[in-house]
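An overview of the molecular structure
Residue-level listing of the chains:
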2 protein chains.
Amino acid sequence: MTSSQNLTHSLHNFLFQNHQETLSRAYSLIHDALRPKNLVLLEGKEQRREENLRQFREIVSLGLDGWYTDEHLDGNPTADTSSKHNLTTTQQRTREDLIAALWRRVHTVNAMWDAGMVGQVTSTLHQLFSTTIESLGTKESHARFFPSSPDMKNLSIFGCFALTEMTHGSDTKNMKTEVRYLPETQSFELHTPHRDASKVWIGNLGKHATHAIVAAQLIIQSKSYGLHWFVVPIRNEVTHDMLPGVYVGDWGSKTSATWDAMDNGFVWFDHVKLPLASMLNRYQEVTPQGEYVVKIKDRRTLFGLTLGALSGGRVGIAHDVVSRSRLSLIIAVRYSHARKQFGEPTRNSPETEQPVISYQYQQYRLMPRLATYFCMNFFGRNLHNWYQELKQMTASGDITHQFLDMNSEIHALSCGFKPVASWHARDTMQICRECAGGHGFAAWARLTALRDDLDPSLTYEGDNNVIIAQVAKYLLQAIKRVHQGRKVSSPFHSIDYLNDLAKFFGQKCNIESSFKSTEEISNALKWKSMYLLVKSSKKLANLMGSSEKTKSTWSAFNQTQAFHLHSAARAHMDNVVFQCAMEHIQNCTDTQVRNVLTQCAHLFGLWSLVAKDESSSVLLEGGYMNAHQMQLARDEILEWCRELSEVSLSLVNAVAPPDFILNSAIAPSDLDYPKAIWNRVLQEKGVYEKAKYWEILRTPVQKRGGLASKL
Amino acid sequence: MTSSQNLTHSLHNFLFQNHQETLSRAYSLIHDALRPKNLVLLEGKEQRREENLRQFREIVSLGLDGWYTDEHLDGNPTADTSSKHNLTTTQQRTREDLIAALWRRVHTVNAMWDAGMVGQVTSTLHQLFSTTIESLGTKESHARFFPSSPDMKNLSIFGCFALTEMTHGSDTKNMKTEVRYLPETQSFELHTPHRDASKVWIGNLGKHATHAIVAAQLIIQSKSYGLHWFVVPIRNEVTHDMLPGVYVGDWGSKTSATWDAMDNGFVWFDHVKLPLASMLNRYQEVTPQGEYVVKIKDRRTLFGLTLGALSGGRVGIAHDVVSRSRLSLIIAVRYSHARKQFGEPTRNSPETEQPVISYQYQQYRLMPRLATYFCMNFFGRNLHNWYQELKQMTASGDITHQFLDMNSEIHALSCGFKPVASWHARDTMQICRECAGGHGFAAWARLTALRDDLDPSLTYEGDNNVIIAQVAKYLLQAIKRVHQGRKVSSPFHSIDYLNDLAKFFGQKCNIESSFKSTEEISNALKWKSMYLLVKSSKKLANLMGSSEKTKSTWSAFNQTQAFHLHSAARAHMDNVVFQCAMEHIQNCTDTQVRNVLTQCAHLFGLWSLVAKDESSSVLLEGGYMNAHQMQLARDEILEWCRELSEVSLSLVNAVAPPDFILNSAIAPSDLDYPKAIWNRVLQEKGVYEKAKYWEILRTPVQKRGGLASKL
Ligand SMILES: Cc1cc2nc3c(=O)[nH]c(=O)nc-3n(C[C@H](O)[C@H](O)[C@H](O)COP(=O)(O)OP(=O)(O)OC[C@H]3O[C@@H](n4cnc5c(N)ncnc54)[C@H](O)[C@@H]3O)c2cc1C
Ligand SMILES: Cc1cc2nc3c(=O)[nH]c(=O)nc-3n(C[C@H](O)[C@H](O)[C@H](O)COP(=O)(O)OP(=O)(O)OC[C@H]3O[C@@H](n4cnc5c(N)ncnc54)[C@H](O)[C@@H]3O)c2cc1C
């Protein structure tokens, strides 16, 4: 084995521990059973959606749609997966078991994402429908919708999740869809008061779903009790016709082939009758007498439980987009090693072409992002595992203080990580596309599709710029405590560093000649985060002091978004990701792997501090660094980029899926991209054929006389 | 007229001067004659390409495909447009006439881009083929391919431009296609020595073109004379069959619908015979005796003429992408005024929803880019006009020193402006998409298509990161002169400020309380550009001094790309764009318009200095600003964003095309986006229909037994 193959191998082992086998089985499953088609090449929405449904059915039939039921993945095919609450089984396992099982699941699902399988998105939404009902519903009748129910498994039920309305998305409190309690019939009536209050964008709804969870304002005797959840039949389970009063349709085309294969839909309801049992009743209920009962009295607890339910989607999306950024990086890095252009003239041969990875700017564009991928991947895993712990506690009903703290921290971390992870993926995917020059633009390079498919994750499950404010709020609470002389400590320790606030202020960077110290980078990251946080809290306090009370909070926060709260939240996330990555890396016993990953983490840290965005000036402005150190930091970044670029092929190969999954003609594992491109181009439909319509050209062009007078 | 309508009206007048009528005629032409179809909704490549060809034919038949022949646009339908050299006619006009004519042309073409007409791209390439032959060919036989030739007009000839090869793009010198002189037959033989030297990516070639200009290495008696241009027949003009030895095919699919409608193609040549006259012979020629003759002896002149020919494409692309960024801005700004979400609770109504444009972060994301659009648009116009002057001089054959200087300056400016303009457009389009939340992702919002269609302009006609190095080289030469105590002066004055180098060093920003002074912003921009330039030239000098000569230049430049030459070139372009915009704005006699545009320019300038990217720290690092001023600059940016956001609707309306051209359901001019969305969604094919394939769902899902063993 060459030394570069060696690095690939050891890194792969470290990252995937003893799950390589799962991974390769997952790939062969995709190869043999799922056969994903290239959605870009399927012409038209209808065809793409058919492929979606085909994939989805296969995923379900292979049992790969579960969220908790990992028994078969544990290699225990006889485990009882039909029991109502799989979590109960799960709980009996040790935590290690659980995490191992999740790992396998994550691998399978990631492998599907790798292959760009839209059926996976459909399956995720179908499951979201089901798991929401399982966690919020208790009635007998709800059991039919639980993940393990036979009707879910055989697709008699096909679910979706309907929150967003035409004129309200982020601002959920203002949703207009109504569910009114009708005392005469002891039932509900679901109604869309205005067409602009229709549910829209709902994935799976446009053509496929039979049922939806619908969020609606609950009204009893003209009094509104706020948003509640209801299970609503949409289409006839046998004939697939829409049900009376349910006007459901397709929400239109998208320019991303994957999302075009999804039947996002709209629906408006015209006085649709629902049984009392349709309300998901774990925490609130309406009695047949029309009484509104809240089952959990403590408001903080109730709020916490609600928040917790929302974190899951964000945790999953964040982890997933980081993983997808990897695909672009593999493609761009491989291609940059294979693609040769200008050469450095040498004595012997006047023109020796070099691979484009040897150009400084190519290195500078790719390496910090490759480094970011590794760091974020570590953090994504942690967050995923932490969230699973939380879910276990939720299921056990054990609402302790510890639980509520975990809940708040995971809420903040997921509201921070989903934005920074998806921004990372967005920028990385675009840069990778550009780094591949002209060939990077072809559909067969896959880079534009990766970018286009990623796009909505910046928006759904909480618009990035809306949810990042939640992190800022969490940090402000913590810093307030610290200012009051109290200690902060969070279950996963993400904010514990704020206790050192006093110590950090006035501190300066000590570096004179090199940043190659984890501690220095770590300190600088903490300093930057604290500096921006304190600056923000001061600005907020000033603004709140200055005007009348009610108005001021809202508008003070609004005026503190740019350069303040947003920047502070981002700097905090940089720090959190860096610390977590270093923890993982320090546990690595393979020296070569540990060194190269350390260099990745250092590059991520230093680049985030002084080169990623406009906040680079903060370290000078606050007096933490001087101009010399700033210069040094930049030199170091370029040097590390160069060094990493030399092993970058090994790095990407360690996390690369097989070629048929990577599915990019410019990045085959043997680097022979011209061969792979020809292979792809020549197989496309009608490559050498004359276009059917070519005779348009031969119809004589009429010279229009009246042009001057028309134009 | 309300005051906001008033602003719209006056701004429109100022920007379009007396060409409004041209503009509205151009729009009605598109409405009546060209009827663009929504390419995203056309299913499949074949259909999209047919639409492309239909549009192209209409464009040609309307006479809208010319580059120089503006007689009919001048309202002079009887002008002789069939003469061989239209420029001769053109030259007889005054410069003002020419610019007026170009204005009209620009309006028509821009209006077509507004409508997203792919036929326009096809027509541009067809013209590029033709104008290149006109400017580089002199033989009788070449006249058949000139823009005014009847065969070009009636589409017997359909042209394309073939430079790029499979394994060589940016590095043109290394192209491998060969043309060998055969003395026996006094003819040429065109050959592709290896399939990876095939011409690829060539627009119009895949299915449509009959002829190509091909760049190939000229070889006479085993000696290579470098790259030359040849006119090569590709397909039979009557039957459209490919010609013997010409293996031409389709280069595959793209994820952008517009580019998928383009038949980018590949071709390889198998010993194809060409007559001697196929070589474009204005500057070089091969005699029947096989002698190589260079007609322009002075190398600098020859090089200059070659460079000049390349500037045209970049000038056009840059202007065009800025113009297209406007479309995204119009959509996002209008939607932000219409879309309401969270409200600021007030005494009277506890929840008053506000348009999202009132959120600071939304303002901060959109306003600097709107300001950039206005400034870049002014610069794009200048560059366009300057380039036309140059073309006139080229045609007149008047190769003076002044000409060569103009040529170099325009080369540098176009190599700088194309990158900064397309990066601006890229980022703006993505941010606009995100600013429109979920609705921004639908095809009917048009934002994703605008972004996807823009993408290749970052790469073609010179990869951004490759050509920006040309600006840096131009600046380095100038600074070297200045360092030698000599004066620099360029015909369009873009580098004249470098003469003040000595004065600027050591200078500091004087601002204490407000940046509202054009001079201060202007000085800071100049300072930043000079600082980065001097820093780069020092680093270069150091590196070159340190190692052996031949090797060092190449590798020294390579090591000075990031944080140095690239940053210096960008800072220079910020300055150039700012100065040019201010010149235009100062000429505006309408106070309201002048004030608002001045604010745009100030915002563009200050934001570029301290907030656009990581180079923000330079001003502190170099001691030009202190921390207080930095803070002040940021506050000012936010305040200006807020102020501009209040008039932003008027601003975008002043540059907005009619709704049917803007073609975005979330941004109708009356701001009633829900109505416009329903209109669009309900008209799409089969909205309420059951999917044909839905019964896939009803086929029982088979539980696969062997899962555990498979996974
Ligand atoms: C492909 C896709 C699939 C989807 N699937 C589903 C689904 O299955 N079920 C479902 O219910 N929904 C779904 N959605 C809808 C999605 O969840 C919403 O679009 C998303 O929550 C964003 O809300 P919005 O569109 O209202 O954005 P808006 O809130 O309207 O955002 C508009 C702009 O305002 C800004 N903004 C808003 N508030 C603030 C603030 N306070 N401060 C600063 N800026 C602010 C935003 O940053 C953004 O720039 C889907 C959307 C897409 C694109
Ligand atoms: C839609 C489309 C249409 C096109 N139409 C035509 C056409 O009609 N006719 C035609 O001839 N061609 C056409 N092209 C090809 C196009 O002109 C080339 O792709 C373009 O010039 C870029 O060259 P490349 O692909 O070789 O990039 P490369 O040079 O291979 O670039 C790869 C990477 O290397 C980097 N790089 C290269 N050199 C350096 C350096 N010295 N320093 C730092 N970084 C460097 C680049 O920045 C990039 O990141 C088209 C391309 C597209 C996508």
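Residues numbered from 1 in each chain as written. Chains lettered and ligands numbered in written order. Predicted model: local features only at pLDDT ≥ 70, side-chain atom pairs only at ≥ 80, totals over all residues. Heavy atoms only, no water.

The name an unreviewed UniProt entry gives chain A is Acyl-coenzyme A oxidase, with Percolomonas cosmopolitus as the organism. Recorded in UniProt under Sequence similarities (unreviewed entry), the annotation for chain A is "Belongs to the acyl-CoA oxidase family." Quoted verbatim from the Cofactor (unreviewed entry) heading of the UniProt record, the comment on chain A is "FAD". (UniProt positions renumbered as here; feature names shortened; annotations may be inferred.)

**Description of the packing of helix α17 (residues 561-586) of chain B against helix α18 (residues 591-610) of chain B**
Residues and elements named next belong to chain B. Here α17 crosses α18 at 170 degrees, and the two axes come no closer than 10 Å. Overall, the two elements α17 and α18 adopt an arrangement that is roughly antiparallel. Only Arg594, Leu597, Thr598, Ala601, His602, Phe604, Gly605 and Ser608 of α18 make contact with α17, whose side of the interface consists of Asp574, Val577, Phe578, Met582, Ile585 and Gln586. Counted by class, the contact of α17 with α18 contains seven nonpolar, five polar and two charged residues. (Axes fitted to C-alpha atoms, helices over the stretch in contact; angles between N-to-C directions. Helix = DSSP H or I, 4+ residues; strand = E, 2+ residues; numbered from the N terminus. Parallel < 35°, antiparallel > 145°, perpendicular 65-115°, else oblique. Contact = heavy atoms within 4.5 Å. Nonpolar A, V, L, I, M, F, W, Y, C, P; charged D, E, K, R; others polar.)

**Some thoughts on the interface of chain A and chain B**
With 162 residues of chain A at the contact, the number on the chain B side is 163 residues. In total, about 14,600 Å² of surface goes out of reach between chain A and chain B, with carbon and sulfur atoms giving 57% of it. In this assembly, chain A and chain B are joined by 16 salt bridges. In this structure, Lys690 of chain A and Asp241 of chain B form a salt bridge, with 3.1 Å as the shortest nitrogen-oxygen distance. Ranked by residues supplied to the side of chain A that touches chain B, first place goes to helix α3 (residues 45-61) of chain A with nine residues. For the side of chain A that touches chain B, a count of residues per class yields 65 nonpolar, 48 polar and 49 charged. (Buried area = accessible area lost by both parts, 1.4 Å probe. Salt bridge = Lys/Arg side-chain N within 4 Å of Asp/Glu carboxyl O.)

**Some details on the sheet that holds strand β8 (residues 265-269) of chain B**
Residue and element names in this part refer to chain B. If you walk across this open sheet you meet the three strands as β4-β8-β7, and the pairing is antiparallel. One side of each edge strand has no neighbouring strand; the edge strands of this open sheet are β4 (199-202) and β7 (246-250). Ignoring which end each strand starts from, the neighbouring axes of this sheet average 20 degrees apart. Strand direction decides the pairing type here: β4 and β8, joined by two bridges, are antiparallel. Following the sheet pairing, Ile202 is matched in β8 by Gly265. (Pairing = 2+ DSSP bridges.)

**Details of the relation of the copies chain A and chain B**
The two copies are related by a screw operation: chain A maps onto chain B through 180 degrees of rotation and 0.0 Å of translation along the axis, at an RMSD of 0.0 Å. In the structure described here, the two chain copies are related by an operation that fits a two-fold rotation axis. The overlap is high: 100% of the interface residues of chain A also sit at the interface in chain B, so the same surface is used on both sides. (Least-squares fit on C-alpha atoms with pLDDT ≥ 70 in both.)

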